[in-house]
Every structure is written in structure tokens, then in C-alpha cells.
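Below are the chains, spelled out letter by letter.
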Amino acid sequence: MAQVRADGVDLFYETTGTGDPLVLVHGSWTDRAVWQSAIDADLKAAFAVVTYDRRGHGASGSPPGQGTRRQDEDDLAALIEALGGAPVHVAGNSFGGSAVLGLAARRPELFRSIAVHEPPLVGVVASDPAVLARLQPTMTAVDAVLDHLRKGEDGPGARLFVEEVAMGPGAWDQLPQSTRESFTAHAQTWLDEQSDPQWASLDLDGLAGCTVPVMLSRGTQSPAWFAAVLDRLAEALPRARRTTFEGAGHMPHVSHPRDYAAALTGFARET
């Protein structure tokens, strides 16, 4: 593994394959290992795939005190600059996708293409009562997860998040053991992310200045409110396209790695 220093934190990353750089930004609860199935399913044959542990995850540093999504954005910028080949292809999942879009709104010159799957940017639809009504069951589940984690019940909280928020009933037992362990290990980092008052917001006016191609994707098994978030993002982005993964949920790179790798490879090659 290599490392890059960003805002006082060592970020660990590794590169697999050859070709144009593709940086993968994992979501909450996990680390860079969550991408491995998609990498093996053809991404490494098409790109020099760069995976890294976001701050507070995996082998990367975890500074004391409240963290922010802005720090994650700046970490991603530092990594891209350290690679020395900007602009690059970047794909992000969930909270990782939120960080990607947050950085794109400020520094679009770093990106050659962008692919994000279900960023939980509920702030962009907060003014729509119909969407908020659809969002309510998820928020009720999130509150229950937060209650577990504040009590130090990381395992039950992680399981509840997977089955009631991210992937659906029964999904926990279908995950690889290593992934379940990762969810539990990063539970408190997710709790910290949720404490950032700006975690769900986005500068849509700034994002409108990002003119690189952007693939916005969702899974058919995910909560319907994600579609509303993607609708709002598509309105802001000049070159957005939509992709749907049939039968997948919040983590298609885990549940449907070949479908995810094929869609991402095809999209990036077109750019």
C-alpha cells in the first residue's frame, strides 16, 4: 500500500490493473476492500483502479474530534493530485458519492468522468413534502440505528442499518463475513458523519458548473426516495445520464459486481 498525507491524516491507497486511473470512493461503514468483487469482475482489466480508505476507515488515520464531509472532499482532492494524472475517472457509492459531488461542485477540473450510486443527499429534496413523506420510514430506521450506536451497540446497529436502510430484510446474513465485520467496526465513524450538520447538503449552483459526464445510478430494490434525489441532481448537472441496476440495492458493486463493472467501464470509455 501507498499513502498520501491530507490535512494531518495519512490516507492509505493501492492501485490495481493498468490503464487510465479510476478512483473508487467507498461509502460509510466500509473500507476500500468493499470494491474488490467489482475490481475482479473486469475493472482491473480496463483501468488502473485506485482504492483508498477514507479518513476514519480501514488503515487510514482517524483524528480526534468531529469530522466533516468537506474534509473527505479535500482528502479526495489530495489523493487525485498525488496521483499526478488529473483529470481522472472517479466513482463513489453512497456517502462516498456525496463527497465526490461535493468536490466536483468546487473543483470540477479534477474529474474526467464521475459515477455516483445513490448519494444520500436528502438536503436537495428537503423542500418537497411528497419526497419527505416517502423518506420518513428510512429516517425512522436511521433514528433507531443512531440509538443503538449511542448506546455502544455497534453490531445490532450495523445489522439494522443494512436491513432497514441500505439493502433490505435478510441482506445482513447474505453479506460476506468480512463485510459484516467492516460494518460493525466502522459504526462509530458513521455516527460521527451523521453529526456533521452539512452531511446531506450540496451546492447545486456550484455543481451546475461541472461539465464532465456524470452517471447517476440507483438500484431497483432501494428506497424510492433515492430516485427523487437523483432527479434533482440530474436537473443541476449539464451532462448527467441515468442508470438503473435491476435487482440491486444500495451496494451494486457488492451484490451485482459484474453488472456494476460493465456499466462503469462502458460509461467511462465513452468519455
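Here, every reference points to the structure presented above.
Now for a quick tour of the structure. All of these numbers come straight from a predicted model, not from anything done at the bench.

1. Comments concerning the packing of aromatic side chains
Part 1 of the reasoning: Taken as a whole, this structure holds eight aromatic pairs when the rule is applied.
Part 2 of the reasoning: An aromatic cluster of three or more residues is present, and its members are W29, F161, W172, F183 and W190.

2. Observations regarding the sheet that holds strand β5 (residues 88–93)
Part 1 of the reasoning: Strand order in the open sheet formed by eight strands is β1-β2-β4-β3-β5-β6-β7-β8, and the pairing between neighbours is mixed. At either margin of the open sheet sits one strand with a lone partner, and together these are β1 (2–6) and β8 (240–245). On average, each strand axis in the sheet is inclined to that of its neighbour by 25°, with strand direction left out of account.
Part 2 of the reasoning: Note: strand β2 (residues 9–16) against strand β4 (residues 47–52), four bridges, orientation antiparallel.

3. A few points about the pattern of salt bridges
Part 1 of the reasoning: Under the definition given, this model contains 20 salt bridges.
Part 2 of the reasoning: With a shortest N-O distance of 2.4 Å, R32 and D53 are connected by a salt bridge. Within this pair, whereas R32 is found in the loop between β3 (20–25) and α1 (36–46), its partner D53 is found in the loop between β4 and α2 (69–83), the two being separated by 21 residues in sequence. One exposure class covers both R32 and D53, and it is buried.
Part 3 of the reasoning: A salt bridge links D74 to R106; its shortest N-O distance comes to 2.9 Å. Of this pair, D74 sits in helix α2 while R106 sits in helix α3 (residues 95–106), and the two are 32 residues apart along the sequence.
Part 4 of the reasoning: In this structure D74 comes out as partly exposed when scored by relative accessible area, which is 35%.
Part 5 of the reasoning: Using a relative accessible area of 31% as the deciding quantity, one classes R106 as partly exposed.
Part 6 of the reasoning: Within the structure, one salt-bridge network assembled from shared partners comprises R69, R70, E73, D74 and R106.

4. Looking at α2
Part 1 of the reasoning: Under the 1.5 Å per step criterion, the end-to-end length of α2 is 21 Å for 15 residues, consistent within 8% with the ideal 21 Å.
Part 2 of the reasoning: Regarding α2, the residues found buried are R69, D72, E73, D75, L76, A77, A78, L79 and I80.
Part 3 of the reasoning: Packed against the buried residues of α2 are β1, β2, β3, β4, β5 and α3.
Part 4 of the reasoning: Immediately downstream of α2, the backbone of G84 shows phi near 80°, a positive value.

Rules of the game
- Residues numbered from 1 in each chain as written.
- Predicted model: local features only at pLDDT ≥ 70, side-chain atom pairs only at ≥ 80, totals over all residues.
- Heavy atoms only, no water.
- Phe/Tyr/Trp six-rings, centres within 6.5 Å; stacked < 30°, edge-to-face > 60°.
- Pairing = 2+ DSSP bridges.
- Helix = DSSP H or I, 4+ residues; strand = E, 2+ residues; numbered from the N terminus.
- Axes fitted to C-alpha atoms, helices over the stretch in contact; angles between N-to-C directions.
- Salt bridge = Lys/Arg side-chain N within 4 Å of Asp/Glu carboxyl O.
- Buried < 20%, exposed > 50% of the residue type's maximum accessible area, 1.4 Å probe, protein only.
- Expected span 1.5 Å × (residues − 1).
- Contact = heavy atoms within 4.5 Å.

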